[in-house]
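What follows is the residue order along each chain.
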Amino acid sequence: MQQKIRNKFQELFSTKGSVYASPGRINLIGEHTDYNGGFVFPGAIDKGMIAEIKPNGTGKVRAFSVDLNDYAEFGLNEEDAPKASWARYIFGVCRETIKRGGQIQGFDTVFAGDVPLGAGMSSSAALESTYAFALNDLFSLNIDKFELAKIGQSTEHNYCGVNCGIMDQFASVFGKEGSLIRLDCRSLEYKYFPFHPVGYKLVLLDSVVKHELASSAYNKRRQSCENAAAAIRRNHPEVEFLRDATMDMLNEVKGDISAEDYMRAEYVIEEVQRVLDVCDALEKDDYETVGKKMYETHHGMSKLYEVSCEELDFLNDLAFDCGVTGSRVMGGGFGGCTINLVKDELYDTFIQNAKDKFKEKFGLVNKEYPILVTRKKLKWIPLDYNSSQLKLFEEDERCTKKIANAIGVNPSLFDDSKYDNQAAAMTSAYQDVVIPDSRKIAQCITRSICPENILVKIDFTDVECLQANKKTEADAIVKVADALERLERSQYITHDEGRIWLAQYMDIDPDKPKGNFTSLGDKLRMQRL
């Protein structure tokens, strides 16, 4: 897919650009709770969107969708909104960035993805996050991750007709390999929960019903929730969202709201609690309880929130009959997929039964999508270095992944002649750190120059010698990379700037770094990110 994007970009624009990617997401549990101020439990997946982008020096965006084989061209002013729905996602990200003071220009871009469209895995959020990251990097805007997620959400609200919550964009921006995220959608506080379901597989089954929120009754259901919350608030002023309400509170106003509004609120109140119950169960490796809660969610979405359909209900019933641990409709509903937690020994039989019986019932062939909770893994070669200078390869489990996003600079901004100078500058900036072989470390760090949300790996052999006899120092290397990643710098760091900036982060005197930096490794270990 990546090579296909590059080939098309060269064909259309006769040049090369920078490559960016962001993942789609699943949500294990917690649907329609985000815009009710509640909790959700998403995770980034191994499917996503990839785009090649290059500023073109004009006020126009020229965009091509590989998957749709469609081209669009538009300006950056409000009146320039394109007609094509897919192009409005890119246009919306541009406009929302501009509204936040971002100075951007026109660009050329080609994109594609392997997130199935309309399957409930948030291909739209992955697309928004890709372009939000790209604009932030290409034009050195220094927008933080939270705001990048909000840019995607505002794009949905203002340019795509979907009054969604923050979950999809948040999961795409903050997703972490092997973890799910419990996100408090009111405070935006979040916590990672390791997700390693040994003995189980996660798989999505397609209902072959297109998932289209904007053309559905999604917004009507949100209004029902707001109606119920407003009614409860008259008796309980502390209730801002349905997340704050209890069933007792809801029952107090049952006669004051419509039966439809009551059902919608009942589902949300119960779903908020189910998210917390699943988090507790995962901490105990209790996947049977996780599965039970998934079935409860499907029942609520089907009978109370009424966002399922015949095909989704059929797949859910079939999963139960086959002994699947957990199953439910995933995403906003109105089509898309079911997400299924299946024991390894049942997996093949379940998939075959689902395909055979779905075709028998509906005359259609549905697809399955095995899912890994991870970020998109890419093999990416930077434009201005050859493979002998930078060895970038697919992500693995080594600790060097912490360095991958350390600086977040577009490599096309640097030519070969600047490489040594940059390595020297990084060496100088960290020469007082306890690690003795600072030049090799600096070279390793500078080799990771890349757009922030591209997952790459560097050749770590230069510092492997430290790991055998100098484990403490090697550990400090990773912690320094953590600090760099946390600060999310998007521009080249000079000697003085690097020294002052790192010192401020560590809360030590930047004018007296030598003695203080000696204990940097220990201090960083105490401040695990």
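Being a predicted model, the structure only gives us computed values, none of them experimental. Along each chain, residue indices are assigned from 1 in the same order as the chain's sequence is written. Residues qualify for local features only when their pLDDT is at least 70, as the model is predicted, and side-chain atom pairs are given and counted only at 80 or more; totals for whole chains, interfaces and linings, by contrast, use all residues. With hydrogens and water set aside, each side-chain value is computed from the structure's full complement of heavy atoms.

## Thoughts on unusual backbone geometry
A positive phi angle, near 50°, is found at Ser-140, a position not held by glycine. Counting from the N terminus, the helices are DSSP H or I runs at least four residues long and the strands are E runs at least two residues long. Structurally, the position occupied by Ser-140 is in the loop between helix H3 (123-138) and helix H4 (145-159). A positive phi angle is found at Asp-285, which is not glycine, with a value near 55°. Mapped onto the elements, Asp-285 comes out in the loop between helix H8 (259-283) and helix H9 (287-304). A residue is classified by how much of its surface remains accessible, and Asp-285, at 57% relative accessible area, is exposed. Relative accessible area decides the class of each residue, using a 1.4 Å probe on protein chains only: under 20% of the type maximum gives buried, over 50% gives exposed, and in between gives partly exposed.

## Things to note about the packing of helix H2 (residues 85-99) against H3
The axes of two packed helices give the description: the angle between them and the distance between them. For every element, the axis is a line fit to its C-alpha atoms; helices are fit only across the contacting stretch, and the angle between N-to-C directions ranges from 0 to 180 degrees. The interhelical angle for the contact between H2 and H3, taken along N-to-C directions, is 40°, at an axis separation of 9 Å. As summarised for this structure, H2 and H3 are arranged oblique, according to the angle between their axes. The interaxial crossing formed by H2 with H3 has right-handed handedness. Taken together, the residues of H3 that come into contact with H2 (itself represented by Trp-86, Tyr-89, Ile-90, Val-93, Cys-94 and Thr-97) are Ser-124, Leu-127, Glu-128, Tyr-131, Ala-132 and Leu-135. Its residues assigned to classes, the contact of H2 with H3 shows nine nonpolar, two polar and one charged. Reported orientations rely on four angle classes, namely roughly parallel under 35 degrees, roughly antiparallel over 145, roughly perpendicular from 65 to 115, and oblique for the rest. Note on convention: the crossing is left-handed when the near helix lies turned anticlockwise from the far helix by less than a right angle, right-handed when the turn is clockwise. In what follows, a contact means two residues having at least one pair of non-hydrogen atoms within 4.5 Å. Charged means Asp, Glu, Lys or Arg here, nonpolar means Ala, Val, Leu, Ile, Met, Phe, Trp, Tyr, Cys or Pro, and polar covers whatever is left, Gly included.

## Things to note about the packing of aromatic side chains
Centre distance within 6.5 Å is the pairing criterion for rings of Phe, Tyr and Trp, where only the six-membered ring of Trp is used; planes under 30 degrees apart are then read as stacked, over 60 as edge-to-face, and the remainder as tilted. Inspection of every chain in the model, using the stated rule, returns 21 aromatic pairs. Seen in terms of ring centroids, Phe-146 and Phe-174 are 5.0 Å apart; in terms of plane orientation they differ by 45°. Their pairing is tilted. Here Phe-146 is found in helix H4, whereas its partner Phe-174 is found in helix H5 (residues 167-174), with 28 residues between them in sequence. Look at Phe-174 and you get buried, because its relative accessible area is 8%. Plain terms: the ring middles of Phe-314 and Phe-362 are 5.5 Å apart, the flat faces sit at 90° to each other, and that makes the pair edge-to-face. One end of the pair, Phe-314, is in helix H10 (residues 310-321); the other, Phe-362, is in helix H11 (residues 344-362), with 48 residues separating them in the sequence. Charge-over-ring placement is defined geometrically: NZ (Lys) or CZ (Arg) within 6 Å of the ring centre, and within 35 degrees of the ring normal. Between Lys-8 and the ring centre of Phe-64, over which it is positioned, the NZ or CZ distance is 4.7 Å.

## Thoughts on the confidence of the model for the chain
On average, residues of the chain carry a pLDDT of 75, and 69% of them reach 70 or more. One confidence number per residue, pLDDT, is output by the predictor and ranges from 0 to 100. Overall, residues 376-529 carries pLDDT values under 50, and its contacts beyond four positions in sequence, including any with other chains, amount to 280 contacts.

## Focus: the sheet that holds strand S9 (residues 200-206)
Any two strands are treated as partners once DSSP identifies two or more bridges connecting them. An order of S10-S11-S9-S12 is seen for the four strands of this open sheet, with the pairing classed as antiparallel. In the strand order of this sheet, the two ends are held by strand S10 (326-330) and strand S12 (368-371), each with one partner. In this sheet, neighbouring strand axes are inclined to one another by 25° on average, regardless of whether the strands run parallel or antiparallel. The pairing of S9 with strand S11 (residues 337-343) spans seven bridges and is classified as antiparallel. For Asp-206, the partnering residue across the bridge sits in S11 and is Cys-337. Each of S9, S10 and S11 touches H9; the most contacted strand, S10, lies at about 40° to it.

## Comments concerning the nonpolar core
Working definition of a nonpolar core: buried Ala, Val, Leu, Ile, Met, Phe, Trp, Tyr and Cys residues. They are joined through side-chain atoms within 4.5 Å. If you look at the biggest cluster of nonpolar residues, it comprises 59 residues, and the most contacted ones within it are Leu-28, Phe-41, Leu-202, Leu-282 and Val-290. Breaking this core down by element, the ones donating at least two residues are S9, helix H6 (218-235), helix H7 (247-252), H8, H9, S10, S11 and S12. At eleven residues, the largest contribution of residues to this core is made by H8. The contact partners of Leu-202, leaving out residues within four places of it in the chain, are Ile-26, Leu-28, Phe-195, Ile-339, Asn-340, Leu-341, Tyr-369, Pro-370, Ile-371 and Val-373. Met-49, Leu-76, Tyr-159 and Leu-188 belong to the second largest nonpolar core, which has 44 residues in total.

## Focus: the sheet that holds strand S8 (residues 190-194)
Taken in spatial order, the three strands make up an open sheet running S2-S7-S8, and their pairing is antiparallel. At either end of the open sheet lies a strand with only one pairing partner, and these are strand S2 (39-40) and S8. Bridge analysis of S2 against strand S7 (residues 179-184) gives two bridges, and the strand direction is antiparallel. Directly across from Phe-39, in S7, lies its bridge partner Asp-184.

## Overview of the side chain of Arg-95
By the secondary structure assignment, Arg-95 is in helix H2. In this view, Arg-95 contacts Leu-76, Asn-77, Glu-78 and Tyr-159; residues no more than four positions away in its chain are not counted.

## Observations concerning the side chain of Arg-243
Among the structural elements, Arg-243 can be located in the loop between H6 and H7. What Arg-243 contacts, discounting residues up to four positions off in sequence, is Asn-36, Gly-37, Gly-38, Phe-39, Asp-184, Arg-186 and Val-272.

## So, the pattern of salt bridges
Any Lys or Arg side-chain nitrogen located within 4 Å of an Asp or Glu carboxyl oxygen qualifies as a salt bridge. Inspection of the entire model under this criterion finds 24 salt bridges. With a shortest N-O distance of 2.9 Å, Glu-96 and Arg-100 are connected by a salt bridge. When the shortest N-O distance is used, the salt bridge between Lys-220 and Glu-260 registers 3.9 Å. Residue Lys-220 is found in helix H6, and its partner Glu-260 is found in helix H8; the two are separated by 40 residues along the sequence.

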